[in-house]
Amino acid sequence: MATELSGGCGCGALRYRLESKPMIVHCCHCKDCQRQTGSAFVVNAVIERDNIEIDQGNSVAFTMPTDSGTPHDLYRCEDCGTTVWSDYGRRKTMVFLRAGTLDDPGSLPPDVHIFIRSKLPWVSLPADIPAFDVFYSSVEVFWPQEALMRRKALGF
(Lines give C-alpha, C1' and ligand atoms only; values in the text may rest on other atoms or scores of the structure.)
Protein backbone atom coordinates (compact mmCIF):
# COMPACT_ATOMS: atom_id res chain seq x y z
CA MET A 1 0.00 0.00 0.00
CA ALA A 2 1.45 3.35 -1.00
CA THR A 3 -0.04 5.26 1.91
CA GLU A 4 -0.62 3.77 5.34
CA LEU A 5 -4.24 3.83 6.34
CA SER A 6 -4.75 4.19 10.06
CA GLY A 7 -7.49 5.40 12.32
CA GLY A 8 -9.23 5.08 15.62
CA CYS A 9 -12.17 5.86 17.82
CA GLY A 10 -13.47 9.22 18.99
CA CYS A 11 -11.55 9.30 22.28
CA GLY A 12 -8.25 7.96 20.90
CA ALA A 13 -8.09 4.88 23.14
CA LEU A 14 -8.49 2.49 20.19
CA ARG A 15 -6.02 2.83 17.30
CA TYR A 16 -5.69 0.57 14.27
CA ARG A 17 -3.95 0.41 10.91
CA LEU A 18 -4.76 -1.48 7.74
CA GLU A 19 -2.26 -4.01 6.44
CA SER A 20 -3.77 -3.87 2.92
CA LYS A 21 -6.15 -1.73 0.96
CA PRO A 22 -9.81 -2.70 1.29
CA MET A 23 -11.35 -5.06 -1.26
CA ILE A 24 -14.15 -2.60 -2.02
CA VAL A 25 -15.77 0.46 -0.43
CA HIS A 26 -19.57 0.61 -0.09
CA CYS A 27 -21.65 3.67 0.65
CA CYS A 28 -24.76 2.15 2.19
CA HIS A 29 -28.03 4.08 2.35
CA CYS A 30 -30.14 1.34 4.02
CA LYS A 31 -32.46 2.13 6.92
CA ASP A 32 -30.37 0.00 9.31
CA CYS A 33 -27.22 2.02 8.56
CA GLN A 34 -29.13 5.27 8.86
CA ARG A 35 -30.57 4.24 12.22
CA GLN A 36 -27.31 2.83 13.61
CA THR A 37 -25.14 5.79 12.61
CA GLY A 38 -27.67 8.57 13.06
CA SER A 39 -26.73 9.76 9.59
CA ALA A 40 -27.88 9.56 5.97
CA PHE A 41 -25.51 6.70 5.08
CA VAL A 42 -22.36 4.90 6.16
CA VAL A 43 -19.16 4.33 4.20
CA ASN A 44 -17.84 0.81 4.81
CA ALA A 45 -14.50 -0.47 3.57
CA VAL A 46 -14.72 -4.26 3.15
CA ILE A 47 -11.50 -5.88 4.34
CA GLU A 48 -10.21 -9.11 5.81
CA ARG A 49 -10.24 -9.04 9.62
CA ASP A 50 -6.63 -10.24 9.62
CA ASN A 51 -5.65 -7.10 7.69
CA ILE A 52 -6.65 -4.81 10.55
CA GLU A 53 -3.89 -4.46 13.12
CA ILE A 54 -4.98 -3.01 16.47
CA ASP A 55 -2.12 -0.90 17.79
CA GLN A 56 -3.77 0.06 21.09
CA GLY A 57 -7.03 -0.35 22.93
CA ASN A 58 -9.78 -2.90 22.72
CA SER A 59 -13.06 -3.35 20.93
CA VAL A 60 -16.26 -4.79 22.31
CA ALA A 61 -18.93 -6.45 20.14
CA PHE A 62 -22.59 -5.42 20.28
CA THR A 63 -25.25 -7.26 18.29
CA MET A 64 -27.79 -5.00 16.61
CA PRO A 65 -31.20 -6.00 15.27
CA THR A 66 -31.61 -5.68 11.51
CA ASP A 67 -34.55 -5.52 9.15
CA SER A 68 -33.26 -8.69 7.43
CA GLY A 69 -32.89 -10.68 10.65
CA THR A 70 -29.24 -11.45 9.84
CA PRO A 71 -26.88 -10.93 12.80
CA HIS A 72 -25.00 -7.63 12.68
CA ASP A 73 -22.18 -7.28 15.18
CA LEU A 74 -20.79 -3.80 15.76
CA TYR A 75 -17.26 -3.56 17.16
CA ARG A 76 -16.90 -0.48 19.32
CA CYS A 77 -14.16 1.10 21.39
CA GLU A 78 -14.60 -0.23 24.90
CA ASP A 79 -13.93 3.25 26.31
CA CYS A 80 -16.05 5.63 24.20
CA GLY A 81 -18.35 3.35 22.19
CA THR A 82 -17.34 4.56 18.72
CA THR A 83 -18.16 1.86 16.15
CA VAL A 84 -14.98 1.09 14.20
CA TRP A 85 -16.14 -1.91 12.13
CA SER A 86 -19.04 -4.30 11.64
CA ASP A 87 -19.45 -7.98 10.93
CA TYR A 88 -22.59 -8.60 8.89
CA GLY A 89 -23.76 -12.18 9.22
CA ARG A 90 -20.99 -13.24 11.63
CA ARG A 91 -18.54 -14.05 8.86
CA LYS A 92 -15.64 -13.51 11.32
CA THR A 93 -13.03 -13.20 8.56
CA MET A 94 -14.40 -10.25 6.55
CA VAL A 95 -15.44 -7.00 8.20
CA PHE A 96 -16.83 -3.64 7.17
CA LEU A 97 -14.52 -0.93 8.50
CA ARG A 98 -16.21 2.40 9.13
CA ALA A 99 -14.23 4.66 6.79
CA GLY A 100 -15.18 7.67 8.91
CA THR A 101 -12.88 6.36 11.66
CA LEU A 102 -9.82 6.67 9.42
CA ASP A 103 -7.41 9.52 10.12
CA ASP A 104 -8.01 10.50 6.48
CA PRO A 105 -11.54 9.34 5.60
CA GLY A 106 -11.26 11.00 2.20
CA SER A 107 -8.63 8.45 1.20
CA LEU A 108 -11.32 5.78 0.67
CA PRO A 109 -14.10 7.18 -1.51
CA PRO A 110 -17.01 4.84 -2.27
CA ASP A 111 -16.69 2.41 -5.17
CA VAL A 112 -20.45 1.84 -5.14
CA HIS A 113 -23.66 3.13 -3.54
CA ILE A 114 -26.04 0.45 -2.27
CA PHE A 115 -29.63 0.44 -0.97
CA ILE A 116 -30.35 3.73 -2.66
CA ARG A 117 -34.07 2.87 -2.54
CA SER A 118 -33.93 4.33 0.98
CA LYS A 119 -31.50 7.15 0.14
CA LEU A 120 -32.63 10.41 1.69
CA PRO A 121 -34.04 12.73 -0.98
CA TRP A 122 -31.54 15.53 -0.35
CA VAL A 123 -28.50 13.25 -0.94
CA SER A 124 -27.10 13.56 -4.47
CA LEU A 125 -25.10 10.71 -5.98
CA PRO A 126 -22.20 11.18 -8.38
CA ALA A 127 -23.02 10.01 -11.92
CA ASP A 128 -19.71 8.16 -12.31
CA ILE A 129 -20.15 5.82 -9.30
CA PRO A 130 -22.39 2.75 -9.71
CA ALA A 131 -25.56 2.75 -7.60
CA PHE A 132 -28.02 -0.04 -6.84
CA ASP A 133 -31.55 0.02 -5.42
CA VAL A 134 -30.69 -2.80 -3.05
CA PHE A 135 -27.43 -4.72 -3.48
CA TYR A 136 -25.66 -5.63 -6.67
CA SER A 137 -26.52 -9.06 -8.02
CA SER A 138 -23.03 -10.45 -8.55
CA VAL A 139 -19.67 -9.66 -6.99
CA GLU A 140 -18.03 -11.48 -9.91
CA VAL A 141 -19.24 -8.80 -12.31
CA PHE A 142 -18.55 -5.82 -10.08
CA TRP A 143 -15.54 -6.47 -7.82
CA PRO A 144 -11.98 -6.09 -9.14
CA GLN A 145 -10.30 -9.43 -9.93
CA GLU A 146 -7.70 -9.05 -7.16
CA ALA A 147 -10.47 -8.41 -4.61
CA LEU A 148 -12.40 -11.46 -5.84
CA MET A 149 -9.35 -13.65 -5.24
CA ARG A 150 -9.01 -12.27 -1.70
CA ARG A 151 -12.72 -12.86 -1.04
CA LYS A 152 -12.50 -16.40 -2.38
CA ALA A 153 -9.54 -17.09 -0.07
CA LEU A 154 -11.87 -16.26 2.83
CA GLY A 155 -14.35 -18.90 1.67
CA PHE A 156 -16.97 -16.60 0.14
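Residues numbered from 1 in each chain as written. Predicted model: local features only at pLDDT ≥ 70, side-chain atom pairs only at ≥ 80, totals over all residues. Heavy atoms only, no water.

Engineer: Please provide a residue-by-residue account of the overall build of the protein, values included.
Structural biologist: Secondary structure assignment for the protein yields 3 helices and 10 strands. Mapped from its N terminus to its C terminus, the protein presents α and β elements in the order β-β-β-α-β-β-β-β-β-β-β-α-α. Expressed as lengths along the three principal axes of its C-alpha atoms, the size of the protein is roughly 40 × 35 × 30 Å. With 156 residues in all, the protein has 42% of them scored as buried. Restricting to contacts in the protein with at least 6 residues of sequence separation, those with at least 24 account for 56%. Of the accessible surface of the protein, which amounts to about 8100 Å², a share of 51% is contributed by carbon and sulfur atoms. Positive and negative charge centroids in the protein, built from 16 and 19 side chains respectively, lie 6 Å apart. (Helix = DSSP H or I, 4+ residues; strand = E, 2+ residues; numbered from the N terminus. Buried < 20%, exposed > 50% of the residue type's maximum accessible area, 1.4 Å probe, protein only. Contact = heavy atoms within 4.5 Å. Areas by Shrake-Rupley, 256 points an atom, 1.4 Å probe, with all protein chains shown as cover. Lys, Arg positive; Asp, Glu negative; His and termini not counted. Charge placed at Lys NZ, Arg CZ, Asp CG, Glu CD.)

Engineer: Residue-level account of the side chain of His 26, with values.
Structural biologist: The topology assignment puts His 26 in strand S3 (residues 24–28). For His 26, a relative accessible area of 3% corresponds to the buried category. A polar contact is formed between the side chain of His 26 and the side chain of Tyr 136, at a distance of 2.6 Å. Those residues in contact with His 26, other than ones at most four positions away along the chain, are Val 42, Val 43, Asn 44, Val 46, Phe 96, Val 112, Ile 114, Phe 135 and Tyr 136. (Polar contact = N/O pair within 3.5 Å; in protein donor to acceptor, adjacent residues only side chain to side chain.)

Engineer: Describe the packing of aromatic side chains, naming the residues involved and giving the relevant values.
Structural biologist: Scanning the entire structure with this criterion turns up 5 aromatic pairs. Relative to Phe 96, the ring of Tyr 88 has its centre 4.7 Å away and its plane inclined at 90°; by these criteria the two rings are edge-to-face. By relative accessible area, which is 9% here, Phe 96 ends up buried. In this structure an aromatic cluster arises from ring pairing among Tyr 16, Tyr 75 and Trp 85. Across the ring face of Phe 62, the terminal group of Arg 76 is positioned such that the distance to the ring centre comes to 5.1 Å. (Phe/Tyr/Trp six-rings, centres within 6.5 Å; stacked < 30°, edge-to-face > 60°. Lys NZ or Arg CZ within 6 Å of the ring centre and 35° of its normal.)

Engineer: Residue-level account of the sheet that holds strand S9 (residues 94–98), with values.
Structural biologist: In space, the 7 strands of this open sheet follow the order S6-S7-S8-S9-S4-S3-S10, with mixed pairing throughout. Each edge of the open sheet is held by one strand with a lone partner, namely strand S6 (59–64) and strand S10 (112–114). Across the sheet, the mean angle separating the axes of adjacent strands is 30° when strand polarity is ignored. Where strand S8 (residues 83–88) and S9 come together, 2 bridges link them in antiparallel fashion. Counterpart to Trp 85 in the pairing with S9 is Leu 97. (Pairing = 2+ DSSP bridges. Axes fitted to C-alpha atoms, helices over the stretch in contact; angles between N-to-C directions.)

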